[in-house]
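If you want the building blocks of each chain, they are given just below.
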Amino acid sequence: LILLSMLFPALLFPTPNNRWITNRLSTIQLWSLHSITKQLMTPLNKKGHKWALILTSLTTLLLTINLLGLLPYTFTPTTQLSMNMALAFPLWLATLLTGLRNQPSISLGHLLPEGTPTPLIPALIMIETTSLLIRPLALGVRLTANLTAGHLLIQLISTAITALLPIMPTVSILTTSILFLLTILEVAVAMIQAYVFVLLLSLYLQENI
Amino acid sequence: MPTALIGTVFESHLRLGFFKKLNGNFLIICSVLHTSRPLHTTQQCLAPLPPLPEKGGEVRYGLIPEEFFQFLYPKTGVTGPYMLGTGLVLYLLSKEIYVINHETVAAACILSVIIYGVKKYGSDVAAFADKLNEEKVAKALAVKNEAIKDLETAIEREKKEQWRVEGRNYLFDAKRNNIAMLLETNYRERLLTVYNEVKKRLDYQVAMQNLKRQKEQDHMIHWVEKNVVQSITPQQQKESIAKCILDLKALSKSAQAAV
């Protein structure tokens with residue numbers, strides 16, 4: 001059973017096998033990969049294209065993990081803060097360090113928005129620094145919180161339905177309808193969170209590349 | 001390497017003794033094959049791949065391949081697999097091998113959402129994938145057709161050039177005629193100019209001679225008149241005047257008589 005469940009996700013992504021015209025699944029996956037990469041890479045200049053592989057694979061990873069976590073009896077790794085911080089912190093740090101290494105004055109200059117009145121400058125720099133330093137925390141915690149909250153809601157409401165079923169079937173039916181809506185929301189949230197994570201990373205990259 | 005992995009999987013499968021169904025075996029082999037794919041370093045085979053089948057395998061209820069039903073048909077008839085399914089589910093439920101808990105409700109929900117999505121948007125997505133493939137093929141075909149068309153126009157142009165080369169002789173003849181005509185015209189013009197010039201000079205000479213003769217004539221007449229006038233003596237003048245008067249008188253008489 002364990003072997004089966006470990007090997008199952010590999011079936012979802014057939015690797016391209018040198019065919020020019022593949023079956024439908026591969027075509028759709030190729031197309032979606034292409035559109036993701038294109039959308040991520042158009043705002044970036046040439047040097048940013050080095051990040052294409054990691055960002056696209058990150059997107060695919062998060063999307064798969066989130067969506068597969070909605071199935072019953074599955075565990076979603078992204079609900080754990082450790083994994084999300086492990087993803088967010090190094091990547092954010094990488095964007096920061098590339099910026100500081102290649103164009104230190106420009107990336108430091110991002111700390112001060114243009115056109116601020118002179119007396120405000122020190123306070124604004126403090127604020128911008130805090131917002132910069134809080135970014136990895138925000139990235140990791142956002143993903144964790146959203147997914148954990150969703151999963152928690154699903155578990156709790158389904159427990160409520162199971163408990164209410166013998167007592168008040170009507171209430172349980174109503175709650176079931178809530179669960180339906182919630183599930184649709186969860187699907188959307190799963191996809192959106194992955195997207196947002198990678199989008200923000202690419203945004204930080206744009207500033208610093 | 002994949003064969004070695006499949007070998008080990010087979011051994012573990014036999015040792016475990018689970019999954020008498022065909023699909024489990026197939027799934028394991030498939031997934032092992034796919035997970036070991038990143039380990040391949042070279043291209044698999046350089047020969048042309050066989051074409052993909054047009055339609056996927058027939059499945060009932062989206063999960064169980066049709067072959068399973070066919071497999072059970074000789075022994076149990078049409079309702080065989082359904083009875084097997086029902087019996088299996090009831091067995092799992094009654095023996096609490098599968099416990100109904102909150103996850104069951106969540107499972108029901110998410111499965112219904114998935115099935116609803118697949119039913120509603122399945123054909124659209126399939127049509128989209130087919131469209132992508134069609135566009136790819138159409139692009140390549142368009143390139144091929146463009147190339148063919150370009151070559152055909154090139155062939156036509158070449159033929160036209162060859163025809164032009166044949167007609168080149170006529171062109172040269174016409175040009176030659178033109179030039180000859182030009183030369184002829186030029187020659188004739190110059191001839192005319194020469195003729196006119198010569199005529200002008202000859203006319204001049206003729207005019208000179210005429211003038212000279214005229215002048216001589218005038219001079220001679222003048223000289224003769226002068227001499228004649230000089231030679232008329234006064235006496236002759238008187239005699240002539242008296243004769244003129246007599247003539248006039250005679251004339252007047254004849255005139256009066258006539259009136």
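Along each chain, residue indices are assigned from 1 in the same order as the chain's sequence is written. All chains are assigned letters beginning at A, and all ligands numbers beginning at 1, according to the order in which they are written. Reporting in this predicted model follows two pLDDT cut-offs: at least 70 for local features of residues, and 80 or more for side-chain atom pairs to be given and counted; totals over whole chains, interfaces and linings ignore these cut-offs and use all residues. As a convention, hydrogens and water are excluded, and side-chain values are obtained from all of the structure's heavy atoms.

Some details on the overall build of chain B
Secondary structure elements follow DSSP: runs of H or I of four or more residues count as helices, runs of E of two or more count as strands, with numbering from the N terminus. Each helix and strand in chain B was counted, giving 6 helices and 2 strands. If you list the helices and strands of chain B from N to C, you get α-α-β-β-α-α-α-α. Expressed as a percentage of its 259 residues, the buried residues of chain B come to 10%. A separation of at least 24 residues holds for 19% of the contacts in chain B among residues at least 6 apart in sequence. Per element, the accessible surface of chain B, about 22400 Å² overall, is 65% carbon and sulfur. Relative accessibility under 20% of the residue-type maximum defines a buried residue, over 50% an exposed one, and the middle range a partly exposed one, all with a 1.4 Å probe and only protein chains included. Note on definitions: a residue-residue contact is assigned when non-hydrogen atoms from the two residues lie within 4.5 Å. For the accessible areas, the method is Shrake-Rupley and the probe is 1.4 Å, while residue cover comes only from the protein chains on display.

A few points about empty space enclosed by the protein
Only protein atoms enter the calculation, which uses a 1 Å grid: trapped sets of points that fit a 1.4 Å probe without letting it out are cavities, open sets showing protein on both sides within 12 Å along at least five of seven lines are pockets, and any residue with an atom within 4 Å of a point is a lining residue. Grid points are joined across faces, edges and corners, and a volume is the space filled by probe spheres set on the points. One pass over the full model with this rule turns up 2 cavities of 30 Å³ or more. Every residue lining the second largest cavity is listed: Leu70, Ile154 and Thr183 of chain A together with Ala106, Cys109 and Ile110 of chain B.

Quick notes on the layout of surface pockets
The rolling of a water-molecule-sized probe over the atoms marks out the regions of remaining empty space. Each pocket or cavity is described by its volume, and for the second largest pocket that value is around 240 Å³. At the level of elements, helix H2 (24-41) of chain A together with helix H5 (102-231) of chain B are the ones that each hand at least two residues to the lining of the second largest pocket. Looking at the lining of the second largest pocket element by element, the count peaks at 6 residues for H2 of chain A. Residues were grouped as follows: Ala, Val, Leu, Ile, Met, Phe, Trp, Tyr, Cys and Pro as nonpolar; Asp, Glu, Lys and Arg as charged; and all remaining residues, including Gly, as polar. Split by residue class, the lining of the second largest pocket holds 3 nonpolar, 4 polar and 4 charged.

Remarks on unusual backbone geometry
The phi dihedral of Tyr73 of chain A is positive, around 60°, even though this residue is not glycine. Mapped onto the elements of the fold, Tyr73 of chain A is located in the loop between helix H3 (52-68) and helix H4 (81-102). For Tyr73 of chain A, a relative accessible area of 44% gives the class partly exposed. Phi at Glu96 of chain B takes a positive value of approximately 55°, unusual for a residue other than glycine. Relative to the elements of secondary structure, Glu96 of chain B occurs in the loop between helix H4 (80-94) and H5.

Thoughts on a nonpolar patch on the surface
Residue and element names in this part refer to chain A. Residues Phe89, Leu93, Leu97, Leu100 and Leu108 make up a contiguous nonpolar surface patch of roughly 420 Å² in combined accessible area. When residues of the nonpolar patch are assigned to their parent elements, the largest contribution, 4 residues, is made by H4. Relative to the helices and strands, Leu93 resides in helix H4. Leu93 sits in the partly exposed class, given a relative accessible area of 32%. Exposure above 30% relative accessible area and no salt bridge define the residues that can form patches, which grow by joining like charges within 9 Å and nonpolar side chains of Val, Leu, Ile, Met, Phe, Trp and Tyr within 5 Å. We define a salt bridge as a side-chain nitrogen of Lys or Arg found within 4 Å of a carboxyl oxygen belonging to Asp or Glu.

Overview of the UniProt feature "transmembrane region" (unreviewed entry) in chain A
UniProt positions are given in the numbering used here, feature names are shortened, and annotations may be inferred rather than shown by experiment. With numbering aligned to this structure, UniProt lists the feature "transmembrane region" (unreviewed entry) at residues 51-71, 83-100, 120-140, 152-172 and 178-205 of chain A. With 100% helix and 0% strand, residues 178-205 of chain A has its two end C-alpha atoms placed 40 Å apart.

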